Amino acid sequence: MSTDNSDPIPVTVLSGSLGAGKTTTLNHVLNSDHELDAAVLVNDMGEVNVDADLVEQESDLTQEEKEVIEMSNGCICCRLRGDMLDEVGRLAETREFDYLLVESSGISEPIPVAQTFAQGFEDASFDPTGVYELDTMVSVVDAHSFWQGFESGQVLTDDDLEPDDNRVPEEVLMDQIEFCDVLLLNKCDLVPDDELDEIEAVIETLQPQAEIIRTEHGEVAPEQILGTGRFDFEQVSQSAGWKQELQHGHHHDAAAEEHGVSSFVYERRRPFHPERIARTLAELPDSVIRAKGFFWSAGREDVSMGLDKAGQSVRAGPKGQWIATLPEPQQQRYFAARPQIKEEWDDQWGDRGIELVFIGRDVDEEQLVERLDECLLSDAEMDEDWSNYVDPFAPDLQEELALADQ
Ligand SMILES: Nc1nc2c(ncn2[C@@H]2O[C@H](COP(=O)(O)OP(=O)(O)OP(=O)(O)O)[C@@H](O)[C@H]2O)c(=O)[nH]1
């Protein structure tokens, strides 16, 4: 069976940390669905592409039925975005197959891969839109090393990533959890059930919309990750728990609460004292797994500061603009689109304020709120000249938050 030439070829992308079980899952699916006429694109960081050999060896499918394209020495999401499109373009022209499976390497990030398929890539010779259609974004998460995954504290080396990209493994893991349609919690054979329940409660809070499937040795039914039709760029971009919480308010999840997993929004219309909040953010308790949002730092009325905490990694710094600093016509457009902004407008400060989401396990919410409140300017400080305050934040979010005396 092969697809009609005019139908777009569905694509499933598997992301996941190194060793999470992507290849194992891929082999399981290829071996259990013999009707499937799939091309497999494997992107691996190593010089020798072991994964492609594995896929070839273990699958009964003949070379004619299945094409394995190896791509080495780079990460799909950056250097090889163009190369990946060249390959899938060549595949689309010369081979007939029903389905494209992409295994992206351990540190590659799911969002750029999805963007490449959904929107193409400016410098590439091949435009995938209309030829390919992203069907399902799958993230394979290693249950056995789940907690360590948020504690790496490592910095990826220059060899792993583009020079302007200095993200740490827990941030990439967070993207994999937050940006997927189906999440395979793999290696469940190595973890006791009560701990799996706990891990699942955390994942559900970080990512309330994906389907979570527990697996052992990647044993998933092919139809759970192929031809699901679940992918929708807009929807998945909005699916992260912190975004849902900011946009739609708090949602009670009994299962999560039973396991001590909670989330809340901290919202104030007053600036933080820059040094106090920098210290507090740098010292957030380990129980806070995820924090995200924006805040107003006194003395920096020109920009909104962003906060992005994933596991041990914390970034805070200038992120965006306040609507209050935009030219009048642009402000009017915001008011028209979101009347709530106008309703909450402050005569003096406009939309400046604080909105931070915290997600964690066994977080002492009361204590954290108290600590954050202490970082707000006092009434006396509100009348001070804020321009004398020291700004401890880096000029952008490229650097992790670190305090000089720590
Ligand atoms: N115990 C156990 N081992 C597993 C499971 N799934 C995979 N493994 C083993 O974990 C190791 C890594 O699995 P792979 O499928 O190669 O992982 P990967 O995500 O493709 O790894 P990279 O391609 O290196 O990023 C292999 O030795 C697998 O046999 C599982 O569910 N349980």
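Calculation notes
Residues numbered from 1 in each chain as written. Predicted model: local features only at pLDDT ≥ 70, side-chain atom pairs only at ≥ 80, totals over all residues. Helix = DSSP H or I, 4+ residues; strand = E, 2+ residues; numbered from the N terminus. Buried ≥ 20, exposed ≤ 12 C-beta atoms within 10 Å, placed from the backbone. Axes fitted to C-alpha atoms, helices over the stretch in contact; angles between N-to-C directions. Parallel < 35°, antiparallel > 145°, perpendicular 65-115°, else oblique. Contact = placed C-beta atoms within 7 Å. Nonpolar A, V, L, I, M, F, W, Y, C, P; charged D, E, K, R; others polar. Domains from an automatic or database assignment. pLDDT = per-residue confidence, 0-100. Pairing = 2+ DSSP bridges. Right-handed = clockwise from strand over helix to strand, strands pointing away.

(A) Quick peek at unusual backbone geometry. The phi dihedral of H217 is positive, around 50°, even though this residue is not glycine. Along the polypeptide, H217 turns up in the loop between β7 (211–214) and α7 (222–225). We note that D362 has phi near 55°; this positive angle belongs to a residue other than glycine. Looking at the element boundaries, D362 is found in the loop between β12 (354–361) and α14 (365–375). Assessed through the 11 C-beta atoms surrounding it within 10 Å, D362 is described here as exposed.

(B) Broad picture of the packing of helix α11 (residues 274–282) against α14. Between α11 and α14, whose axes approach to 8 Å, the crossing angle comes to 155°. Of the possible angle classes, the one that applies to α11 and α14 is roughly antiparallel. Seen from α11, the contacting residues are R276, I277 and T280; seen from α14, they are R371, L372, E374 and C375. In terms of residue class, the contact of α11 with α14 is built from three nonpolar, one polar and three charged.

(C) Summary view of the domain arrangement of the protein. Taken as a whole, the protein is organised into domain 1 (9–238) and domain 2 (244–388). Of the residues lining the interface, 15 residues belong to domain 1; the matching set on domain 2 comes to 15 residues. Secondary-structure elements contributing two or more residues to the side of domain 1 that touches domain 2 are α5 (169–178) and α6 (193–206). Considering each element in turn, the side of domain 1 that touches domain 2 owes the most residues, seven residues, to α6. Per-class residue counts for the side of domain 1 that touches domain 2 are seven nonpolar, two polar and six charged.

(D) Inspection of the confidence of the model for the protein at higher detail. Chain-level pLDDT for the protein is 83 on average; 82% of the residues reach the 70-or-more range. Segment residues 45–53 is flagged for pLDDT under 50; beyond a separation of four residues in sequence, or across chains, it makes 17 contacts in the model. Scored as a whole, the predicted complex attains pTM 0.83, and scored at its interfaces, ipTM 0.97.

(E) Main features of the pairing of strand β6 (residues 182–186). Buried residues dominate β6, accounting for five of its five residues. Residues of β6 alternate between two faces, with V182, L184 and N186 on one and L183 and L185 on the opposite face, all of them buried. With five bridges connecting them, strand β5 (residues 132–142) and β6 associate as parallel partners. Pairing of V138 across the sheet is with V182, part of β6. In this region the chain leaves β6, passes through α6 and returns to the parallel neighbour β7; the handedness of that crossover is right-handed.

(F) Seen up close, the sheet that holds strand β8 (residues 261–268). If you trace the five strands from one edge of the open sheet to the other, you get β8-β12-β9-β10-β11, paired in antiparallel fashion. The sheet terminates laterally at β8 and β11 (313–320), the two strands that pair on one side only. This sheet shows a mean twist of 15° between the axes of neighbouring strands, independent of strand direction. Note: β8 against β12, eight bridges, orientation antiparallel. Within the sheet, the bridge partner assigned to F264 lies in β12 and is F358. Across the face of the sheet, α5 comes into contact with β9 (288–295), β10 (304–310) and β11 while running at roughly 90° to β10. In the packing of α11 onto the sheet, contacts are made with β9, β10 and β11, and the angle to β11 comes to roughly 140°.

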